[in-house]
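Here is how the chains run, residue by residue.
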Amino acid sequence: SDVYKRQAIKIPKRGAIYSINEGNAGAWDEAITKYVHSKKFPEPGQKGASLRYIGSMVSDVHRTLVYGGIFMYPSDKKSPNGKLRLLYECSPLSLVIESAGGRASDGHRRILDIVPKTLHERTGIILGSADDVADVERLYTELKKTN
């Protein structure tokens, strides 16, 4: 049988791909809306990014791990506690991403610092290249200060 194997995978610090379900755009927080807008319509001198969204977290995160960028399935107005499960979706893939030098957050705190209260607890997630995730976290912090 064939085994797909890579040694010492390191995620790039910044990527040119963002991954999010744009069908939920009407329910996003302001921070996510601003971030996606900045990728679709970059300021002069800034670099935009390409949208790639498969709809399978493992596939989207694998691409993010290999090429860099950001995967987002944030909490929103429809799902204020997020949609993906902390224990068996978000935490394991956050560990993989962080082990490769990336970052994983819910926009406010590190995913791996969240202590689950229930078995099927859900959370929003933003993970990928460290600099890209930090940009989203910065937007959440700035908007929190102004609101």
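Note that the structure is predicted; figures quoted are calculated from it, not measured. (Residues numbered from 1 in each chain as written. Predicted model: local features only at pLDDT ≥ 70, side-chain atom pairs only at ≥ 80, totals over all residues. Heavy atoms only, no water.)

Caption draft 1: Representation of the overall build of the protein chain. Secondary structure assignment for the protein chain yields 4 helices and 7 strands. Helices and strands in the protein chain line up, N terminus first, as β-α-β-α-β-β-α-β-β-β-α. Scaling as 2.2 N^0.38, a compact globule of 147 residues should have a C-alpha radius of gyration of about 15 Å, and the protein chain matches this with 15 Å. Taken along its principal axes, the extent of the C-alpha atoms in the protein chain is 55 × 45 × 25 Å. Looking at the protein chain residue by residue over its 147 residues, the buried ones come to 44%. (Helix = DSSP H or I, 4+ residues; strand = E, 2+ residues; numbered from the N terminus. Rg over C-alpha atoms; globule rule 2.2 N^0.38 Å. Buried < 20%, exposed > 50% of the residue type's maximum accessible area, 1.4 Å probe, protein only.)

Caption draft 2: Examining the side chain of Asn24 more closely. Looking at the secondary structure, you find Asn24 in the loop between strand S1 (17–19) and helix H1 (30–40). Owing to a relative accessible area of 12%, Asn24 belongs among the buried residues under this scheme.

Caption draft 3: Molecular detail of helix H3 (residues 86–99). When we look at burial in H3, the residues that qualify are Leu86, Cys90, Ser91, Leu93, Ser94 and Ile97. If you follow the buried residues of H3, they end up packed against helix H2 (57–67), strand S4 (84–85), strand S5 (103–105), strand S6 (122–123) and strand S7 (125–128). (Contact = heavy atoms within 4.5 Å.)

Caption draft 4: Region of interest: the sheet that holds S1. Spatially, 5 strands are ordered S2-S1-S3-S7-S5 in an open sheet, and the strand pairing comes out mixed. What marks the edges here is a single partner per strand, and that holds for strand S2 (50–51) and S5. Note that strand S3 (residues 70–73) and S7 share 4 bridges and pair antiparallel. Within S7, the residue paired with Met72 across the bridge is Ile126. (Pairing = 2+ DSSP bridges.)

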